[in-house]
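Results of the structural survey
This is what each chain is made of:
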Amino acid sequence: MTFRLGLTGSIGMGKSTTARLFAEQGCAVWDADAAVHRLYSSGGAAVAPMAAAFPDAIQDGAVSRDALKNIIAQDADALKRIESIVHPLVAQDRADFAAQAQADILVFDIPLLFETGGEARVDAVAVVSTDADTQRARVLDRGTMTEDQFNAIRAKQTPDAEKRARADYVILTDTIEHARAQVQDVIADIRKRMAADA
Ligand SMILES: CC(C)(COP(=O)(O)OP(=O)(O)OC[C@H]1O[C@@H](n2cnc3c(N)ncnc32)[C@H](O)[C@@H]1O)[C@@H](O)C(=O)NCCC(=O)NCCS
Ligand SMILES: Nc1ncnc2c1ncn2[C@@H]1O[C@H](COP(=O)(O)OP(=O)(O)OP(=O)(O)O)[C@@H](O)[C@H]1O
């Protein structure tokens, strides 16, 4: 039996870091953002449909995220149109991963899990969370986004409090050691559930 755990959380809350902690414990991890990077890269499946819809977004045969951010900043509807192109391709990538993965616990790191109805495709959901000030500082410290871009993304995401309320597990990402201990607890609980269902 294979268990599918959805891992989500708002921007900068610690999804990628926590996904690595699950991988460290032997889970197979699929990363939605990494899938988007593959799809946007030269030769990726999103390049042709994105070129047709947003010719200005293509640079050197790949989709440029900087160009996309400019397009989104000027056109409020652009993100919806981008999503309608990208999300079906992401779904296919995820299905390919699930078909070949070997581990008993598959972890799906999906930033927009709640926003895209992803709860229905997993057996349980873990939400990573920290306080709002830490979240903002983490994102702005990366230096890849302005405060306006951060606020715009955050406004589109399901609020943290709602995510926590809908989660089966909440993982606080205050320190790495604490997060690692919580990941181990989640895995132990899942294995208990799998044994009970067997
Ligand atoms: C908007 C883009 C160009 C920004 O690129 P950039 O490299 O600066 O940021 P990155 O992709 O790392 O995203 C930063 C944060 O914003 C979140 N975010 C990205 N897209 C969206 C979205 N459509 N709605 C809400 N949050 C989003 C990410 O999940 C992440 O938490 C890029 O995210 C994009 O092309 N998004 C559309 C595709 C998509 O929906 N991706 C989400 C994963 S399926
Ligand atoms: N458990 C933790 N303890 C301390 N710092 C953490 C922890 N988890 C994440 N961080 C820090 O928070 C920042 C954001 O983490 P990460 O990139 O994992 O977030 P994310 O949710 O994947 O971000 P995004 O939504 O933008 O993709 C990083 O600087 C990371 O080092």
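Only a predicted model underlies this, so the values are computations on that prediction, with no experimental measurement involved. (Residues numbered from 1 in each chain as written. Chains lettered and ligands numbered in written order. Predicted model: local features only at pLDDT ≥ 70, side-chain atom pairs only at ≥ 80, totals over all residues. Heavy atoms only, no water.)

1. Considerations on the pattern of salt bridges
Heads up, the condition is: Salt bridge, as used here: a side-chain nitrogen of Lys or Arg that lies within 4 Å of a carboxyl oxygen of Asp or Glu. A run of H or I in DSSP counts as a helix once it spans at least four residues, and a run of E counts as a strand once it spans at least two, with each numbered from the N terminus. Exposure is judged per residue with a 1.4 Å probe applied to protein chains only, and the accessible area is read against the type maximum: over 50% gives exposed, under 20% gives buried, and values in between give partly exposed.
Per the stated rule, a full pass over the model turns up 11 salt bridges. For glutamate 24, the salt bridge is made with arginine 180, and the minimal N-O distance between the two is 2.7 Å. Taken together, the residues glutamate 24 in helix H1 (residues 15–24) and arginine 180 in helix H9 (residues 176–197) connect sequence positions 156 residues apart. The partner of glutamate 147 in a salt bridge is arginine 136, and the shortest N-O contact between them spans 2.3 Å. Of this pair, glutamate 147 sits in helix H7 (residues 147–156) while arginine 136 sits in helix H6 (residues 132–142), and the two are 11 residues apart along the sequence. Overall, the relative accessible area of 24% leaves arginine 136 in the partly exposed class.

2. Section: the side chain of threonine 173
Following the sequence through the fold, threonine 173 ends up in the loop between strand S7 (169–172) and H9. Relative accessible area serves as the criterion here: at 8%, threonine 173 is assigned to the buried category.

3. Concerning the domain arrangement of the chain
This is how it is decided: Per the annotation, domain bounds derive from an automatic or database assignment of domains. Pairs of residues are marked as contacts when any of their non-hydrogen atoms sit within 4.5 Å. Polar contact criterion, stated in full: a pair of N or O atoms within 3.5 Å, where within protein one must be able to donate a hydrogen and the other to accept it, and residues adjacent in sequence count only if both atoms are side-chain atoms. For this classification, Asp, Glu, Lys and Arg are treated as charged, while Ala, Val, Leu, Ile, Met, Phe, Trp, Tyr, Cys and Pro are nonpolar and the rest, including Gly, are polar.
Considered domain by domain, the chain is made up of domain 1 (1–27 + 105–198) and domain 2 (32–102). Taken together, the contact between domain 1 and domain 2 spans 12 residues of the former and 10 residues of the latter. Counting across the interface, domain 1 meets domain 2 through two residue pairs in polar contact (both at pLDDT 80 or more). Elements represented by at least two residues in the side of domain 1 that touches domain 2 include exactly strand S5 (105–109) and H7. Across the side of domain 1 that touches domain 2, the residue classes tally to five nonpolar, three polar and four charged.

4. Quick word on the nonpolar core
Note the threshold: By nonpolar core we mean a set of buried residues, namely Ala, Val, Leu, Ile, Met, Phe, Trp, Tyr and Cys, connected to one another through side-chain atoms within 4.5 Å.
Counting 31 residues, the largest nonpolar core has Trp30, Tyr40, Met50 and Phe54 as its most contacted members. Elements with a contribution of two residues or more to this core: strand S2 (28–31), helix H2 (32–40), helix H3 (47–53), helix H4 (65–74), helix H5 (78–100), S5 and strand S6 (124–129). Among the elements that line this core, the one with the most residues is H5, at six residues. Looking at which domains feed residues into this core, each of domain 1 (1–27 + 105–198) and domain 2 (32–102) supplies at least three. Dropping the residues within four chain positions of it, phenylalanine 54 is found in contact with Ile71, Ala78, Arg81, Ile82 and Ile85.

5. Here's the deal with the site of ligand 1
Under the convention used in this document: Here a residue counts as near a molecule or strand whenever at least one of its heavy atoms sits within 4 Å of it. Computed by Shrake-Rupley with a 1.4 Å probe, the accessible areas treat only the displayed protein chains as cover when residues are assessed.
Of all residues adjacent to ligand 1, which total 17 residues, the nearest are Tyr40, Arg65, Lys69, Glu83 and His87. Note that an oxygen atom of ligand 1 is positioned 2.8 Å from one of the side-chain N or O atoms of histidine 87. Take glutamine 157: an N or O atom from its side chain is 3.2 Å from a nitrogen atom of ligand 1. When isolated, ligand 1 has an accessible area of 760 Å², and the protein chains bury 90% of it. Taken together, the residues that form the shell around ligand 1 break down as 11 nonpolar, two polar and four charged. Residue assignment places the shell around ligand 1 across two domains, with domain 1 (1–27 + 105–198) and domain 2 (32–102) each supplying three or more.

6. Remarks on the environment of serine 16
With respect to the secondary-structure elements, serine 16 resides in helix H1. As a C-alpha pair, serine 16 and methionine 194 span 178 residues in sequence and 25 Å in three-dimensional space.

7. Things to note about the pairing of S6
In summary, the side chains of a regular strand alternate between the two faces of the sheet. Using the following cut-off: Any two strands between which DSSP finds at least two bridges are classified as paired.
Counting buried positions along S6 gives six out of six residues, so the element sits mostly inside the fold. Both faces of S6 are covered, namely the face carrying Ala124, Ala126 and Val128 and the face carrying Val125, Val127 and Ser129. Note that strand S1 (residues 3–8) and S6 share four bridges and pair parallel. Bridged to threonine 8 within S6 is valine 127. Sheet topology note: the S6/S7 ladder contains four bridges and is parallel. Directly across from valine 127, in S7, lies its bridge partner valine 170.

8. Remarks on the side chain of serine 64
When you line up the elements, serine 64 lands in the loop between strand S4 (62–63) and H4. A polar atom in the side chain of serine 64 sits 3.4 Å from the backbone nitrogen of aspartate 66. Leave out the neighbours within four places in its chain, and serine 64 touches Ala57 and Gln59.

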